[in-house]
Structures are given as structure tokens and as C-alpha cells.
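Below, each chain spelled out in residue letters.
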Amino acid sequence: MFYREAGDFKTSYVDDNQTFPIKFDRYRYYVVVAVAFGIIPFLINDYWANALLLPFLIYAIAAIGLNILVGYCGQVSLGTGGFMAVGAYACYKLMTAFPDVSMFIHVILAGGITAIVGVLFGLPSLRIKGFYLAVATLAAQFFLVWLFNRVPWFYNYSASGQINAPERDVFGIIITGPNAPAWATYLFCLIFLAVSALIARNLTRGTTGRSWMAIRDMDIAAEIIGVNPLKAKLTAFAASSFFVGIAGALFFAVYLGAVEVGEVFGIQKSFLVLFMIIIGGLGSIFGSFAGAAFLVLLPVVLKVVGADWLGWPTDIVAHLQLVIVGALIVMFLILEPHGLAQLWRVAKEKLRLWPFPH
Amino acid sequence: MPEQLVFAMEVILNGLMAGVLYALVALGFVLIYKASGIFNYAQGVMALFAAMTLVGIMNGQVPFAHLINATFGTHVHDFGWTVPALLAILMTMGVMVLLAWAVQRFVMRHLVGQEPIILFMATIGLAYFLEGVADLMWGSEIKTLDVGLPQGINLWIDESTFNIFGYGFFIDNLDIVATVIAALLVAALVAFSQYTKQGRAMRAVADDHQAALSVGISLNFIWIMVWSVAGFVALVAGIMWGTKSGVQFSLSLIALKALPVLMLGGFTSIPGAIVGGLIIGVGEKLFEFAIGPLVGGATENWFAYVLALIFLVFRPQGLFGEKIIERV
């Protein structure tokens, strides 16, 4: 009824190429952006920011990054935690070395440094494929975490081996440290997420994205029709690591404030982000959002239901959470290998015809 | 003989022993991969699950006691008996067969024909699931496992090396037992897949699912069998590692140790798993011994991976893997 392209005429190339070609989609998008930027900052408090919104925003960036690599380019990576650590430590070193520079620049630079590291660890992907590559990226994961643990220069020779985010501001508003107001941290992450999603969306539907998808679908065939695998794979690693690095920097500087690398950026983090994109949908930007939201919400909901309502001990709830996450992943793979994004697509197809399905 | 060289020899020997244990885990991976093309990430958690079940049965724990107590407000903990080790091992094996059946029935059967990467991710989900179930069933505290395997320093080796080099080597009895058992296990597996009807059927399935089906081999049965055998290997690995370092969560991380072994040896080769395990075991111990102190130690975490990574760049199919042939 309301969700259809009938009557929505495209009269120029710009119209034809827009991200959301259907009017309803476009308005929905505007409403979401307006709510996220215009309303939530006024309602937000510390609990909502720290328990739900900040992790969601940051994981969504990481998921977009990983989705570029795994979902669009087909190179399975288990090194996300390691690359997030690179972003975090790069951001830390920049923050402490140049205290007067804006946080925006630090975070973007941290992303850039991670991109370089990502390309470095992406080089073997030219020779190694499939599972072998997935395991090879674990080398990045373990090596990087070890490096940040053992080389004191990275944590500025602090006695605890931790890194702590000093207080930094953007245009006079404190963003990092314990005194940062919730709305400021929220908006800061939101801006990064919005821009990341925009960039990623446009990257994936342009030439670069098409060459990634060609490589994903069949790399030899892609090579034969003239896609340069070196360029495609390395750009995918670079773009992916850039976003993952930004997510790592935000995770450390804005969300946690203090980080012990083995605990925060361990292999569990790599799997968590991977699960997000599997549950959300491989090869879909919307799926990255959906997956991140789902896996951020799930433990909170389980904790509220299990520990607060039913009064179970927290360790049982924690174990149940493992069981449920595991079962959900298997169920998703069996029922809908393309994730939440595919459910959304199916729902849209249905909505298009509704209320006259024939 | 210079002291450093003697030390290095001891390190190599210990590395070989550790390598055998890695190979033991890697074997489980290879078996499933060969027979069904599934890269089973859950192998490490299966070892943990097997070890926990074994301890639980031996101590007569009530499964899910914690959950039952929380739900019904009761206070049950154990049945008040203990089960002898051998019987407990047999019972655990029964549980692993049940698990194999459940995995086949509820997971793998529905995923036939999916891409390998989807199957891989399903096994990661399975790993999480199993880990949660194991913790719920038997509790997550560290347990000691003692099935009567000898432990501690081997005095004979200590003495005889002392007589030769003037320095006694420290070799754990448990490692020697593990080596012997691993060798027996490999021999048994090879014999099984070469000389028995089921073993040949398994290899046929590995070669070509469709062709195997068309000559009347039951895929369901073979897969349950393969997962059971993998469960058995997991049980053996779980007993070894559990005796060595206690039954705890970190046991499941041996899967991560086995991955570089697999990469090095090739996913499809049983001898590859053994040789790869030995190379990794010796390599990481030697590296930690020689270079570790210079760069801050704990290099064992990543050395195996980096070694495998460098190796793969030159030989992408691993040491003994099948040659990768690609067509459009």
C-alpha cells in the first residue's frame, strides 16, 4: 500500500542512482537519521549510552568493516580483534603524543594506520585461499595482541601494561575520559557510524565493490575477465581494516576508557564481530547494523530476564547465553544463511504487494 | 658437550612430546575434514566436553545440578558414588556417540550442500553451544582428572642422560604415555580406514559423496561414525591434556593450537597432522628457548601461526595436502 515504487518517477541520473530508490525507504531513512541525531541525544543517560547505544554504534562500524572483507570480498578473517587493537593503540599513541589535535583527526588517523597493517596482513591472501586464509589471519590476531602486550613503547611504559584514555575534547566538548557527557560520546560515535555506513554503501555499489564481489563469487573467473585480484583484495583489506581500526579506536577511547589488550581485543572479539555479520547478513550494510544490534541486545535482555526477573545466578545466565548464541547461529545458518538482512528483504517484497498479494 | 646444546636437546625432546599432543587434536580435525569436507572448529570444545563428562561421571556428579537447583530450589549435587576410570571412559564414549548422532541429526543434515564456509561457521556456533552445555552440565570450575596415567619426571631418562651428558633431562612420564597412545591411535586409524569395510566406505564418501551414495553407502551412517571417531579422538586428547593441566576452559583453546598444525600438514593428510604437530611443537619450543628471552617471552602464542603463514605462502596446500587445482 505505502511501500511501492509506483508513481515514484526518476527523471534524472541522480535520481536513478540514489541509495534508496523507493520513496518510503528514503523517508524511513530520513526519519531514522533525524531521530538518531535530533532526539536521542536529548533523552540519553549514562546507562543507555554505556549498556546499549555506544557498543551498538561501535560494533556496527566494526561489522561494516568486516562485512566488506568477508561479505563482499569473500576473504574470511578471524583477525578483527587484532585489528581493533591496532586502532586502539594507534589512537592512544596519537592522543598522548599530540594532545592538542582534535579527536576526529586522531580516530581517522588510527583507522589509516590500521588500514596499512591490514594490507600487510592481507598480502598472504594473494597466495592462500579459503580456510587456510582464515587460519592465517589468526596469525595477525595472536601476533598483534602479543606485540601490544610485550612491547612497552605501545603502552607508554605504564606499570600496569594497560592503556588509559586521557581527557580529550572536540570543539571544547569533552569526548573521552570519565567526565565525558553521554550525549557527546554518543554523537561522536554516531557521526563516525553514519559517515562509515555512507562510505561503505557507496564503495560497495561502485567499481571497487563490484570487483570485490567478482572476486568473492569466483576469483579465477574474475581474474580472467580483467579484475585485478591484487588490487581488489588489498583494497578490501585496506577498507575493511580502516573501519575496524576506527571501531577499535572508539571502543578504547570513547567507550571503555581503559584497555588490557588480551582481555578486550582477544580472539573472542573476532568471533563476536564475525557472528554479527553472519546473523545480520553477509554482504549487506543493513545486515551489519542488524547483527550488531542483535548481539549487543541479546546479553542485556538475557541478563534482565534471567538474573533480574527469574533470579538465576549470574554464572548460569552467562552459560545459558553461550548456549543460546551458539544455537541461534546454527539455527540462522540452517534457516536463513543470508541472515536478518534477507528476512528484511523478504518482508519488503511482501510489503510491496500488500494488501493485494496477487 | 657445551651446556647450551644439551639444553637445546632437552627442549627439542620436550617439543616433540608437545607436538604429539598437538597432533592428537589435529587428527580429529583431519578425520572430519576428509570424510565430510567440514572444518570442525568445535573439535577443541569436544575435547573439553569429553574431559568434563569423564570427570563428572567418575565423581558421580548430577548433570545440570546447578540449573536444577536454581530452577526448583533443590540441593542436589552428586549421586554419592564414584565410577572406575575404565567404565567411565566407556560411558563417556557413549555420550560422544550420542553427541555425534545429535550433531548429524540436528545440524549437519540440514546443511548438506552449503558452502564450506557456512559449515565452518556452523561448527563455531556448535562450539559455543557445547561449551555452554558443558558448563551448565558439570559446572565451570577447574577440575582435576586422574585416570591412573603415570605423571611426573621420568627417573630412568633423567639418570641415563645424567650419565651421558652430565645433565639429567626432564621428561614427563605423561608425555611419554601420550606419545605411545598417539602412535597407537594413528596406527589404529590407518588400519581402520585401510582394512575395514566401514573405513573404506568412509574414504569413498570423502572422495565423492554422490558416487558413494550411488553404490549404496549410507551417508548418514558414515557421518555419524566419523563424528563418533572424532569424538573418540577428542576424548583421548581431553584425557591427555586434562591430566596434564586440569580440566578447564583453556582446554578448548587447544583447537587454536591445532590449527597451525593443520595448515602446515595439510587439511587432508593424517601423516601431515603428525609431522606438522612435531614441527610446530619443536619449532615453538626452540624459538621460545632461543629468541623468546630477547623479545619478552610468551612467543608460543603466535609463533606457530606465523611459521605456518610463512610456510603457506610458499606452499599453499600445506606439506602433504592435495594439490589445489582450480578451474573456472
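As the structure is a computational prediction, the values presented were derived from the model and not from experiment.

**A closer look at the overall build of chain A**
Part 1 of the argument: Secondary structure assignment for chain A yields 15 helices and four strands.
Part 2 of the argument: The C-alpha atoms of chain A give a radius of gyration of 21 Å, which matches the 21 Å a tight globule of 358 residues would have.
Part 3 of the argument: Over its C-alpha atoms, taken along the principal directions, chain A stretches across nearly 70 × 55 × 45 Å.
Part 4 of the argument: When each of the 358 residues of chain A is scored for burial, the buried share is 46%.
Part 5 of the argument: Residue pairs in contact within chain A that sit at least 24 positions apart in sequence constitute 76% of those at least 6 positions apart.

**Some thoughts on helix α8 (residues 207-217) of chain A**
For the α-helix, the turn length of 3.6 residues means that residues three or four positions removed from each other point alike.
Part 1 of the argument: Listed as buried for α8 of chain A are G209, S211, W212, A214, I215 and R216 of chain A.
Part 2 of the argument: Contacts made by the buried residues of α8 of chain A are with α3 (46-72), α7 (182-204), α9 (219-224) and α10 (229-256) of chain A.

**Considerations on the UniProt feature "transmembrane region" (unreviewed entry) in chain B**
Part 1 of the argument: Under the present numbering, the feature "transmembrane region" (unreviewed entry) in UniProt falls on residues 12-33, 45-67, 79-99, 111-130, 176-196, 217-241, 261-282 and 294-314 of chain B.
Part 2 of the argument: With 100% helix and 0% strand, residues 12-33 of chain B has end C-alpha atoms that lie 30 Å from one another.

**Observations concerning the packing of helix α1 (residues 3-36) of chain B against helix α10 (residues 219-245) of chain B**
Residues and elements named next belong to chain B.
Part 1 of the argument: Close contact between α1 and α10 brings their axes to 9 Å; oriented N to C, the two are set at 175 degrees. Accordingly, the angle class assigned to the pair α1 and α10 is roughly antiparallel. For the pair formed by α1 and α10, the contact residues are L21, L24, V25, L27, G28, L31, I32, A35 and S36 on the first element and I222, W223, V226, W227, V229, A230, V233, A234, V236, A237, M240 and W241 on the second.

**Regarding the environment of E349 of chain A**
Part 1 of the argument: Relative to the helices and strands, E349 of chain A resides in helix α15 (residues 339-353).
Part 2 of the argument: Here the alpha-carbon distance between E349 of chain A and L193 of chain A, two residues 156 residues apart in the chain, equals 27 Å.

**Re unusual backbone geometry**
All names here are of chain A.
Part 1 of the argument: One non-glycine residue with positive phi stands out, namely N156, at about 55 degrees.
Part 2 of the argument: Locating N156 in the fold gives a position in the loop between α6 (130-150) and β1 (163-164).
Part 3 of the argument: Phi angles above zero are rare outside glycine, and Y157 is one such case at about 55 degrees.
Part 4 of the argument: One can find Y157 in the loop between α6 and β1.
Part 5 of the argument: Of the residues examined, Y157 has 8 C-beta atoms within 10 Å and is grouped as exposed.

**What to know about the interface of chain B and chain A**
Part 1 of the argument: With 42 residues of chain B at the interface, the matching set in chain A holds 37 residues.
Part 2 of the argument: Going through the elements one at a time, α3 (65-72), α5 (116-138), α11 (254-265) and α14 (300-314) of chain B are the ones with two or more residues in the side of chain B that touches chain A.
Part 3 of the argument: No other element matches α5 of chain B, which puts 16 residues into the side of chain B that touches chain A.
Part 4 of the argument: Of the residues contributing to the side of chain B that touches chain A, the split by class is 31 nonpolar, eight polar and three charged.

Cut-offs used in this document
Residues numbered from 1 in each chain as written. Chains lettered and ligands numbered in written order. Predicted model: local features only at pLDDT ≥ 70, side-chain atom pairs only at ≥ 80, totals over all residues. Helix = DSSP H or I, 4+ residues; strand = E, 2+ residues; numbered from the N terminus. Rg over C-alpha atoms; globule rule 2.2 N^0.38 Å. Buried ≥ 20, exposed ≤ 12 C-beta atoms within 10 Å, placed from the backbone. Contact = placed C-beta atoms within 7 Å. UniProt positions renumbered as here; feature names shortened; annotations may be inferred. Axes fitted to C-alpha atoms, helices over the stretch in contact; angles between N-to-C directions. Parallel < 35°, antiparallel > 145°, perpendicular 65-115°, else oblique. Nonpolar A, V, L, I, M, F, W, Y, C, P; charged D, E, K, R; others polar.

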